[in-house]
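A structural walkthrough
Read off the chains here:
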Amino acid sequence: MPFVGASARTVETEIRVPVLLPYRLPHVYDYAASPDLGLRPGDYVRVPLGRREAIGVVWDGNAAGGASGADRTGKRPIRLKPVAERLETPAMPAELRAFVEWVAGYTMSAPGLVLRMTMSAPEALRPVMPAMGLRRAADKPHGRLTAKRQRVLDCLEKSGNLPLARKALAKQAGVGEAVLRGLLETGLLEATPMAEAAASAPFGKAKAVTLSSAQQAAAEALEADLDRNAFAVSLLDGVTGSGKTEVYFEALDHAVRQGKQVLVLLPEIALSAQWLERFEERFGQRPAVWHSGLGRATRRHTFRQVAEGKASVVVGARSALFLPFPKLGFLVVDEEHDPSYKQEDGVIYQARDMAIVRAKLGKLPIVLASATPSIETLRNATGGRYRRLHLPDRHAGADLPSVRLIDLRRDPPPRGHWLSPILQNAIRETLEKGEQAMLFLNRRGYAPLTLCRRCGYRFQCPACTAWLIAHKQAGRLLCHHCGYSEPMPATCPACGVEDTLVACGPGVERLKEEAAALFPQARTAVMTSDTAANPAAAAAIVRRMQEGEIDLLIGTQIMAKGHHFPALTLVGVVDADLGLAGGDLRAGEHCYQMLHQLAGRAGREARPGAAYLQTHLPEMPVMQALARGERDAFLEAEARGREAEGMPPFGRLAALILSGTEAAAVERYARLLSRVAPAGGGVHVLGPAPAPLAMLRGRHRFRLLVKAASGVPIQRILHRWLDPSPPPAGVKLQIDIDPYSFL
Ligand code: ADP
Ligand code: ZN
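Predicted model, so just to flag it, every value in this text is computed and none were measured. (Residues numbered from 1 in each chain as written. Chains lettered and ligands numbered in written order. Predicted model: local features only at pLDDT ≥ 70, side-chain atom pairs only at ≥ 80, totals over all residues. Heavy atoms only, no water.)

**Examining the coordination of the zinc ion (ligand 2)**
Coordination sphere of the zinc ion (ligand 2), protein contribution only: Cys-461 (SG), Cys-464 (SG), Cys-479 (SG) and Cys-482 (SG), at 2.3 to 2.4 Å. Classification of the site at the zinc ion (ligand 2) rests on its four donor atoms, whose angles at the metal span 107 to 113°, yielding the label tetrahedral. As a motif over one chain, the donors of the zinc ion (ligand 2) read C-x2-C-x14-C-x2-C. Highlighted residues: Cys-461 in the loop between strand 19 (449-452) and strand 20 (469-471) and Cys-482 in the loop between strand 21 (476-478) and strand 22 (485-487), separated in sequence by 21 residues. Since its relative accessible area comes to 4%, Cys-461 is described here as buried. (Donors = N, O, S within 2.8 Å, 3.2 Å for Na, K, Ca; no water. Tetrahedral: all angles 85-135°; square planar, octahedral: opposite > 155°, others 65-115°. Helix = DSSP H or I, 4+ residues; strand = E, 2+ residues; numbered from the N terminus. Buried < 20%, exposed > 50% of the residue type's maximum accessible area, 1.4 Å probe, protein only.)

**As for the site of ligand 1**
Residues in contact with ligand 1 amount to 16 residues; listed here are only the nearest, Thr-210, Gly-241, Lys-244, Thr-245 and Arg-278. Here Thr-210 contributes a backbone N or O atom positioned 2.8 Å from a nitrogen atom of ligand 1. Here an oxygen atom of ligand 1 and a side-chain polar atom of Lys-244 are 2.8 Å apart. Alone, ligand 1 offers 560 Å² of accessible surface; in the complex the protein occludes 79% of this. A total of three residues in the shell around ligand 1 trace back to one element, the largest contributor, which is helix 7 (residues 244-257). A per-class count over the shell around ligand 1 returns three nonpolar, nine polar and four charged. (Near = heavy atom within 4 Å. Polar contact = N/O pair within 3.5 Å; in protein donor to acceptor, adjacent residues only side chain to side chain. Areas by Shrake-Rupley, 256 points an atom, 1.4 Å probe, with all protein chains shown as cover. Nonpolar A, V, L, I, M, F, W, Y, C, P; charged D, E, K, R; others polar.)

**Overview of the sheet that holds strand 20**
Ordered in space as 20-21-22, the three strands form an open sheet in which the pairing is antiparallel. Of all the strands in the sheet, the pair left with one neighbour each is strand 20 and strand 22. Between one strand axis and the next, the sheet turns by 30° as a mean value, whatever way the strands run. In this structure, strand 20 lies alongside strand 21, joined through three bridges in antiparallel fashion. Looking at strand 21, one finds that His-471 is bridged to Arg-476. (Pairing = 2+ DSSP bridges. Axes fitted to C-alpha atoms, helices over the stretch in contact; angles between N-to-C directions.)

**What about the environment of Ile-469?**
Looking at the element boundaries, Ile-469 is found in strand 20. Beyond its immediate sequence surroundings of up to four residues, Ile-469 is in contact with Arg-444, Gly-445, Ala-447, Pro-448, Arg-476, Leu-477, Leu-478 and His-480. (Contact = heavy atoms within 4.5 Å.)

**Overview of the packing of aromatic side chains**
Tallied over the entire structure, the rule returns eleven aromatic pairs. Here the aromatic rings of Trp-102 and Tyr-106 are separated by 5.1 Å at their centres, their planes lie at 15°, and the arrangement is stacked. Residue Trp-102 and its partner Tyr-106 are both found in helix 1 (residues 94-107); the two are separated by four residues, about one turn of the helix. For Tyr-106, a relative accessible area of 19% gives the class buried. On the numbers, 5.1 Å between centres and 85° between planes, the contact of Tyr-457 with Phe-459 is edge-to-face. The exposure class assigned to Tyr-457 is partly exposed, which follows from its relative accessible area of 30%. Among the aromatic residues, ring-to-ring pairing joins Tyr-248, Phe-249, Trp-275, Phe-279 and Phe-283 into one connected group. (Phe/Tyr/Trp six-rings, centres within 6.5 Å; stacked < 30°, edge-to-face > 60°.)

**Structural notes on the nonpolar core**
Counting residues in hydrophobic clusters, the biggest one holds 119 residues, and the most contacted among them are Leu-321 and Leu-718. Other than its neighbours up to four places away in sequence, Leu-321 contacts Leu-96, Phe-99, Leu-263, Leu-265, Leu-331, Ala-351, Met-354, Ala-355 and Arg-358. In terms of nonpolar packing, the next biggest core, distinct from the first, is built from 30 residues, Ala-255, Leu-266, Trp-275 and Phe-279 among them. (Core = buried A, V, L, I, M, F, W, Y, C linked by side-chain atoms within 4.5 Å.)

**Looking at helix 12 (residues 421-432)**
With twelve residues, helix 12 extends 16 Å between its outermost C-alpha atoms, agreeing within 8% with the 16 Å of an ideal straight helix rising 1.5 Å per residue. Taken as a whole, helix 12 has its buried residues at Leu-423, Gln-424, Ala-426, Ile-427, Thr-430 and Leu-431. All buried residues of helix 12 fall inside an arc of 165° around its axis, so they share one side. Those residues of helix 12 hidden inside the fold are in contact with strand 17 (402-407), strand 18 (436-440), helix 13 (508-518), strand 26 (568-573) and strand 27 (610-615). Two residues or fewer after helix 12 comes Gly-434, characterised by a positive phi angle close to 80°. (Expected span 1.5 Å × (residues − 1). Arc of directions from axis to C-beta.)

**Quick look at helix 13**
Counting along an α-helix, one turn takes 3.6 residues, and residues three or four places apart therefore face a common direction. Inspection of helix 13 places Val-508, Glu-509, Arg-510, Leu-511, Glu-514 and Ala-515 among the buried residues, and these make up the whole buried set. Contacts from the buried residues of helix 13 go to strand 18, strand 20, strand 23 (501-504), strand 24 (524-527) and strand 25 (552-555).

**As for the pattern of salt bridges**
Opposite charge on two side chains makes pairing possible when the charged atoms of those side chains draw close. Summed over the entire model, instances satisfying the criterion amount to 34 salt bridges. Between Arg-135 and Glu-190 there is a salt bridge, and its shortest N-O distance comes to 3.0 Å. Of the two residues, Arg-135 sits in strand 6 (residues 132-136) while Glu-190 sits in strand 7 (residues 189-193), which places them 55 residues apart along the sequence. The class for Arg-135 is partly exposed, based on a relative accessible area of 30%. Given a relative accessible area of 30%, Glu-190 falls into the partly exposed group. With a closest N to O distance of 3.0 Å, Arg-282 and Glu-246 form a salt bridge. With Arg-282 in helix 8 (residues 273-283) and Glu-246 in helix 7, the pair connects residues that are 36 residues apart, well separated along the chain. Grouping residues by exposure puts Arg-282 and Glu-246 together as buried. In the salt-bridge network here, residues are joined through shared partners; they are Asp-237, Arg-388, Arg-631 and Asp-632. (Salt bridge = Lys/Arg side-chain N within 4 Å of Asp/Glu carboxyl O.)

Below you can see the structure in the form of structure tokens.
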């Protein structure tokens, strides 16, 4: 409904319009607009803001904190600034506006900052100049033409006299653009807007797949949800390679045929070339892709296609949740347990959790898929809040890989090496059979620590509480937190003696050296965010692996995600204990998920696979569970441990991170908050304490942890506590609801 004229006493002919702007502002601002503009909530508008202009969204009546930028008491007339322009772009759907509000409330962020996440392609909010093409001018008589000019006219006639782009026409006719210019001058051709490119090809050249009966049952359950058009959460729980993707493809197809838009979230979309290929094979076209690495033109185009309802399937990273789908009808969160769904800066949110909220607001079904569901999700499934769809077996009867623990205390690698003899032999045998192997170590670079053998000096980041990581290939020492780097020196900066610096511990570069020495015939490659810095580079490595051009792939976790390598039969985990260090709340769970997923890369087709985990802690429950394949018992034990401690999902947590360049000021504020902290009513505040990463990017950091019983309205308590005591100048307060990182 358009806004009806508000208090006619203060504003005569204009109406008052609340506008939410994409900035850290406490509330919506009111502007004046002529009723003729016909503004409705959701319209994108250009408005003056201070001395600048900004693009905002016409907001709903009493939203976004309920306050108004201008005085609404009506006591004195105020001059509202006028809306400058309404942008010619589809209005933001009501569901997305409600989602913005919800996310802002939950994460305790300014609504404008959440709005900003929905406007990540600002250029898409403006109409484009239509691309111009050339066509034959009507009824223009002409005399004899040169052969080249004749060819141009023939080409146009062949294409039914539709306008063609200059470049394409020149190419088709085999002439230079000068010929086209000449024809334009004589008036035989004219420039005209190109017809808008046809909407994407009709969806549905589906490759026939015969689902197993378990797959069929799961797909039918999802299709029934789609037919009901109701909110429903399903957990698609099945071992790696059990065909979960096929199941949600089937449901997705059903949704698209109903005219709905579908969003699939993947944890590492930039690295998902295989997923995209598979999609294309199955449906005869590519889905729209959304992630932060896209170029401007692609962003703009995709945003527009989504907003106009033309993109039927979008696959994206967490930011895709904030796209303005007008008819979103189905959501998939693949690898729902993946920790990268948590966004750790700016607006801090858990994309899987927010996806569920979005589904609820939009009354649509959502599927969470995983071979190793999170404890949160499993609990909701066993509690009956989510439906569990189970795929117990690998497709076509492939066996799950055997998992074997290597006790590094009993079978250590030779001094200065990282592969134990057992793992060395396993790799050798695999390579001799002409099969592929993969070595996993979640550490980029050459060595995690460099020190001086003579004086003990250690290289540390000047801006962070962190050692500098040696990168031999680049000849530099790097901070993995802030990106600081310096050249690797030849002498110790402390004692000045030459050749005393030693690398301590392994990184993937060092592992590659060791592998090259042990298996000189093998073709090895390294896959990390250094060597696969962009989607194309990542796809190239994956393709070489798929086509058998690599025998031994060494890499970090970016290699673990989702890939299907038919000839890969051995996975070696160099340091299985790495994920357990630091001991945060979910360390055991995440370690299990990561290693299980890695092991699941092996033996996905006919040849059986094996995984070897090198560990100093073989008796730890997580290692035992991995070796025995006892996922549920392990997660159950983890859950009981958390329940006993009142930890999530049995209780609630919020973290406060205080930071500033001046340590004393940060600490003072931390102590102040602690003095006025809430107590009782099921709420405990722990800390303040210096954060484990006590300094990050030159800022000193303190943490407080708020622990509450489940059901406690933690946001309300935090508001009551923090609103009267805002941080002083120079100190920043970040609120992390449901924290995953404890650094
Ligand atoms: P998951 O997503 O559970 O890891 P996928 O869906 O990737 O499993 O399936 C594993 C492999 O089995 C893929 O190569 C997939 O194409 C194949 N596959 C799964 N289900 C079927 C089916 N019903 N018919 C043919 N191939 C299938
Ligand atoms: Zn640093």
